[in-house]
Structure formats: structure tokens, C-alpha cells
Amino acid sequence: MDIFAKIAAGEIPSYKVAENDEFYAFLDINPLVKGHTLVIPRREVDYFFDMEDDELARYQQFAKRVAKAIKQAFPCKKVAQVVLGLEVAHAHIHLIPMQSEADADFRKPKLKLTEEEFKEIAAKINAAL
């Protein structure tokens with residue numbers, strides 16, 4: 001079981017934003033901006049495009065719902081959807097509230113947030129769902 005599957009199963013703590021039987025959304029612990037959220041399928045699948053078409057459609061619908069809540073909780077111009085990441089062999093979408101494209105630059109320093117800040121952010125997004 002990979003780290004993201006363990007997070008979705010509750011074996012590793014996370015700041016949960018949303019979940020259903022197929023997908024799980026939680027705050028990135030190394031966020032680019034407040035509200036930076038990861039959305040994963042519960043099923044272990046390495047590559048986003050290895051998912052079946054109907055599963056991929058449901059994944060996008062779930063991510064869309066989370067993105068709308070992020071935008072409501074953290075007013076921004078758009079919520080970026082970024083699919084990348086070779087460091088974890090589990091498909092994942094980054095949802096990043098952005099005022100400019102620089103907000104989605106993964107080369108910039110990550111925010112250092114307290115546990116209380118993470119909890120407040122997750123609660124704010126969850127309340128917008």
C-alpha cells in the first residue's frame with residue numbers, strides 16, 4: 001500500500017477536505033498557497049491516464065466539486081488543476097487557488113503552516129462543500 005492509499009485509509013493522518021467511496025481530498029502538507037489540496041482515487045493507480053474513462057470522469061467531477069469549495073473558501077481568480085508528480089506512484093490532482101500563474105509554480109518555497117492553520121483551512125473548505 002502506497003502512502004496516499006494509507007492516507008485515504010486513515011492509517012496516516014491527514015487534513016481531510018472531502019471524501020466518498022472512490023476518492024479522497026486532503027490538504028497538501030507542503031502547500032504552495034493556503035487551500036492547496038490533493039485529490040486522489042482510493043484505488044491504487046499510478047498514472048492518471050491509466051484510469052478507466054468512466055472512473056476518470058467521476059474523478060474529475062469529484063475534483064470539480066472540491067475546486068468550487070476551495071474557490072468559495074479562498075476567493076481567487078481560478079483554481080488550478082495540476083497533474084504531475086513522480087515522487088508518489090499514485091495518481092493525484094493538485095488543486096491550487098491562484099491569483100496569478102505564479103501561485104502554481106512548484107519551484108517556489110512552500111508555506112510552513114501550523115497544525116491549527118491546517119485544521120482551519122480544511123474546515124473552511126469542508127464548510128463550503
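Residues numbered from 1 in each chain as written. Predicted model: local features only at pLDDT ≥ 70, side-chain atom pairs only at ≥ 80, totals over all residues. Heavy atoms only, no water.

1. Observations regarding helix α3 (residues 115-128)
In an α-helix, one turn spans 3.6 residues, which is why side chains three or four residues apart end up on the same side.
Phase 1: With 14 residues, α3 ought to run about 20 Å at 1.5 Å a step, and its terminal C-alpha atoms sit 20 Å apart, in line with that.
Phase 2: Inspection of α3 places Phe 118, Ile 121, Ala 122, Ile 125 and Ala 128 among the buried residues, and these make up the whole buried set. In a view along the axis of α3, the buried residues occupy a sector of 125°, so they form one face of it.
Phase 3: Those residues of α3 hidden inside the fold are in contact with β1 (16-19), β2 (23-27), β3 (37-41) and α2 (53-73). (Helix = DSSP H or I, 4+ residues; strand = E, 2+ residues; numbered from the N terminus. Expected span 1.5 Å × (residues − 1). Buried < 20%, exposed > 50% of the residue type's maximum accessible area, 1.4 Å probe, protein only. Arc of directions from axis to C-beta. Contact = heavy atoms within 4.5 Å.)

2. Describing the pairing of strand β5 (residues 93-98)
Phase 1: Among the six residues in β5, six count as buried, and that is most of the element.
Phase 2: What you see with β5 is no split at all: Ile 93, Leu 95 and Pro 97 on one side and His 94, Ile 96 and Met 98 on the other are buried throughout.
Phase 3: Bridge analysis of β3 against β5 gives three bridges, and the strand direction is antiparallel. Note that in β5 the partner of Thr 37 across the bridge is Leu 95.
Phase 4: Judged from the five bridges that link them, strand β4 (residues 78-82) and β5 form a sheet pairing that is antiparallel. Counterpart to Val 82 in the pairing with β5 is His 94. (Pairing = 2+ DSSP bridges.)

3. Observations regarding the environment of Phe 49
Phase 1: With respect to the helices, strands and loops of the structure, Phe 49 is situated in the loop between β3 and α2.
Phase 2: Counting along the chain gives 42 residues from Phe 49 to Ala 91, while the straight-line C-alpha distance between them is 8.6 Å.

4. Concerning the side chain of His 90
Phase 1: The residue His 90 is located in the loop between β4 and β5 in this model.
Phase 2: In contact with His 90, other than residues within four places in its own chain, are Asp 2, Phe 4, Ala 5, Ile 40, Pro 41, Arg 42, Arg 43, Glu 44, Val 45 and Asp 46.

5. A short note on the sheet that holds β5
Phase 1: The strand order across the open sheet built from five strands is β1-β2-β3-β5-β4, with neighbouring strands paired in antiparallel fashion. Each edge of the open sheet carries a strand with a single partner, namely β1 and β4. Strand-to-strand twist of the sheet, defined as the mean angle between neighbouring strand axes without regard to direction, takes the value 20°.
Phase 2: Bridging between β2 and β3 involves five bridges; their strand directions are antiparallel. Counted as the bridge partner of Tyr 24 is Ile 40 from β3. (Axes fitted to C-alpha atoms, helices over the stretch in contact; angles between N-to-C directions.)

6. With respect to the pairing of β2
Phase 1: Counting buried positions along β2 yields five of five residues, so the element is predominantly enclosed.
Phase 2: Neither face of β2 is left uncovered, since the one carrying Phe 23, Ala 25 and Leu 27 and the one carrying Tyr 24 and Phe 26 both have all their residues buried.
Phase 3: Pairing of β1 with β2, which is carried by three bridges, proceeds in the antiparallel orientation. The partner of Lys 16 across the bridge, within β2, is Phe 26.
Phase 4: Taking the residues between adjacent antiparallel strands as the criterion, β1 and β2 are bridged by three residues.

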